[in-house]
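Breakdown of the fold
So the chains spell out like this:
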Amino acid sequence: MAIIELRNLAKSYRVYQKKEGLGASVRGLFRREYREVRAVQGIDLDVEQGEFVAFLGPNGAGKTTTLKLLSGVITPTSGTAEVMGHIPWKRENAYRRRFALVMGQKNQLWWDLPAQESFRLHQQIYRIHPGDFEKTMDELDELLDVKRLLKQPVRELSLGERMRMELIAALLHSPDVLFLDEPTIGLDVVAQHSIQQFLKYYQERRKITILLTSHYMKDVAALCQRVVIIAGGLIKYDGSLSGIVDRFGEYKVVTLQLADERQTNGFERFGEVLDVQPPRVKLRIDRSEVAGALAAILAKHVIDDVAVEDPPLEEVIAQVFSQVDV
């Protein structure tokens, strides 16, 4: 049974078109021109309990708007949505206690107070039993290693440390659904890996449902079994991560280890030469032509080793994003 259900969900905004110049600004006080921006254009989506779903798309695709709709922050123009049987924009307390939203570019902690003070405030807001609060706090502290940072004002923490605190604040009330909007944005490689490992472990242990938006494909590859791609406010793909490469990856990367390092010329007739470091040659070959190209290469050259790989995930996703009507 789906824990998140969206049916023809849409959200549009009226955006004021301000023209240049003093005269135009004065006229705009009496007669304003607007244009309609369709952030989400009628999407259908079901997410099962315990799924970890990546919600991907280019900037302006409607990802964050969808998460705001599911969190009840904004109301839709049309369509319906249910999360755990609740309509998000009714903002019922029973629903608020069962989900959490973490936005990588927004803070929910008091900037000038130690994080532990904000955690105590969350305890009161969500009416968490003191025993449950201490138990959850100890668990999250052990997983994220933040004990030494709890008494430090949030403004003095690094970006990675603040994100760990944001995750703790979001998980203190043990939500059943977690919405993550670019949680690793701006973090260094070490901090990204730490957050990834925590989310993977926590989700597998608690079996909570997570909807993640991210521009870092390493987040997606490390965490998500299912990928939903949205572009122009519409869902363009819904399936497995490997399915994206199979459907949209137009080429393969073929690496050849030659027996004779002097024979590294002439490979451009088989495909695009990406790199030559004798005795190794790396080629980009159309998927449909890989078998024929390899047969022709093996007929003319002595090969010690060959590797055929899919293109980097980032390139495939970028290709999908560039195709408005895929």
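In this numbering scheme, every chain counts its residues from 1 along its sequence in written order. Where local features are concerned, this predicted model is filtered to residues with pLDDT of at least 70; where side-chain atom pairs are given and counted, the filter is 80 or more; whole-chain, interface and lining totals use all residues. Processing note: side-chain calculations cover all non-hydrogen atoms of the structure and skip hydrogens and water entirely.

**Remarks on the overall build of the protein chain**
Under the DSSP-based scheme used, a helix requires at least four consecutive residues in state H or I and a strand at least two consecutive residues in state E, with every element numbered from the N terminus. Assigned secondary structure in the protein chain consists of 11 helices and 13 strands. Since a compact globule built from 326 residues should have a radius of gyration of about 20 Å, the 25 Å found for the protein chain marks it as more spread out than a globular shape. Projected onto the principal axes, the alpha-carbon positions of the protein chain cover approximately 75 × 60 × 45 Å. Scored against the burial criterion, the 326 residues of the protein chain give a buried share of 48%. What makes two residues a contact is simply this: any of their non-hydrogen atoms within 4.5 Å. Considering only intrachain contacts with a sequence separation of at least 6, the fraction spanning at least 24 residues in the protein chain is 70%. As presented, the protein chain carries roughly 17300 Å² of accessible surface, and 48% of it is formed by carbon and sulfur atoms. Between the averaged position of the 43 positive side-chain charges in the protein chain and that of its 45 negative side-chain charges there is a distance of 8 Å. We compute the radius of gyration over the C-alpha atoms and compare it with the globule rule, which gives 2.2 Å times the number of residues raised to the power 0.38. Burial classes follow relative accessibility: with a 1.4 Å probe on protein chains only, a residue under 20% of its type's maximum area counts as buried, one over 50% as exposed, and anything between as partly exposed. Under the convention used here, a 1.4 Å probe and the Shrake-Rupley method define accessible areas, while residue burial counts only the protein chains that appear. Under the counting rule used here, the positive set is Lys and Arg, the negative set is Asp and Glu, and His together with the chain ends is not counted. Every charge is mapped onto a representative atom, which is NZ of Lys, CZ of Arg, CG of Asp or CD of Glu.

**Quick look at the pattern of salt bridges**
When the charged atoms of two side chains with opposite charge come close together, those side chains can pair. Definition used for salt bridges: Asp or Glu carboxyl oxygen within 4 Å of a side-chain nitrogen of Lys or Arg. Counted by the stated rule, this structure contains 15 salt bridges. In this structure, the salt-bridge partner of Arg-155 is Asp-112, at a minimum N-O distance of 2.9 Å. In this pair, Arg-155 sits in the loop between helix H5 (130-144) and helix H6 (159-171) while Asp-112 sits in the loop between strand S5 (99-103) and helix H4 (115-125), placing the two residues 43 residues apart along the sequence. Take Arg-155: its relative accessible area is 42%, and that puts it in the partly exposed class. With a closest N to O distance of 2.8 Å, Glu-134 and Arg-120 form a salt bridge.

**Quick notes on the domain arrangement of the protein chain**
On domain assignment, one finds that the protein chain holds domain 1 (2-9 + 41-245) and domain 2 (250-309). For domain 1 and domain 2, the distance between their C-alpha centres works out to 44 Å. Note that domain bounds follow an automatic or database assignment of domains.

**What to know about the pairing of strand S10 (residues 251-258)**
Counting buried positions over the 8 residues of S10 gives 7, a clear majority of the element. Each pair of strands is called paired provided DSSP finds at least two bridges between the two strands. The pairing of S10 with strand S12 (residues 280-286) spans 7 bridges and is antiparallel. By the bridge assignment, Val-254 is partnered in S12 with Leu-283. Note: S10 against strand S13 (residues 303-309), 6 bridges, orientation antiparallel. Across the sheet, the residue bridging to Leu-258 is Ile-303, located in S13.

**Concerning the environment of Ala-222**
Counting through the fold element by element, Ala-222 comes out in helix H8 (residues 217-223). Overall, the relative accessible area of 30% leaves Ala-222 in the partly exposed class. For Ala-222 and Tyr-201, which are 21 residues apart along the polypeptide, the C-alpha to C-alpha distance reads 11 Å. Once residues within four sequence positions are removed from consideration, Ala-222 is found in contact with Gln-196 and Lys-200.

**Quick notes on the layout of surface pockets**
Points on a 1 Å grid, built from protein atoms alone, make a cavity when a 1.4 Å probe fits but cannot get out and make a pocket when they are open with protein on both sides within 12 Å along at least 5 of 7 lines; residues with an atom within 4 Å of a point are the lining residues. Grid points are joined across faces, edges and corners, and a volume is the space filled by probe spheres set on the points. Of the volumes computed, that of the largest pocket is approximately 520 Å³. Lining the largest pocket are 23 residues, with Phe-99, Ala-100, Leu-101, Gln-108 and Tyr-126 sitting closest to its centre. If you list the elements that add at least two residues to the lining of the largest pocket, you get helix H3 (93-96), S5, H4 and H6. The element contributing the most residues to the lining of the largest pocket is S5, with 5 residues.

**Describing the environment of Glu-204**
With respect to the element layout, Glu-204 can be found in helix H7 (residues 189-206). Through-space distance from the C-alpha of Glu-204 to that of Gly-50 is 8.3 Å; in sequence the pair is 154 residues apart.

**Re the sheet that holds S10**
The strand order across the open sheet built from 4 strands is S11-S12-S10-S13, with neighbouring strands paired in antiparallel fashion. Whereas interior strands pair on both sides, the edge strands pair on one side only; in this sheet they are strand S11 (272-277) and S13. Taken pair by pair, the neighbouring strands of this sheet meet at an average axis angle of 15°, ignoring direction. Axis definition: a line fit to C-alpha positions, over the contact stretch in the case of helices; interaxial angles, taken between N-to-C directions, run 0 to 180 degrees.

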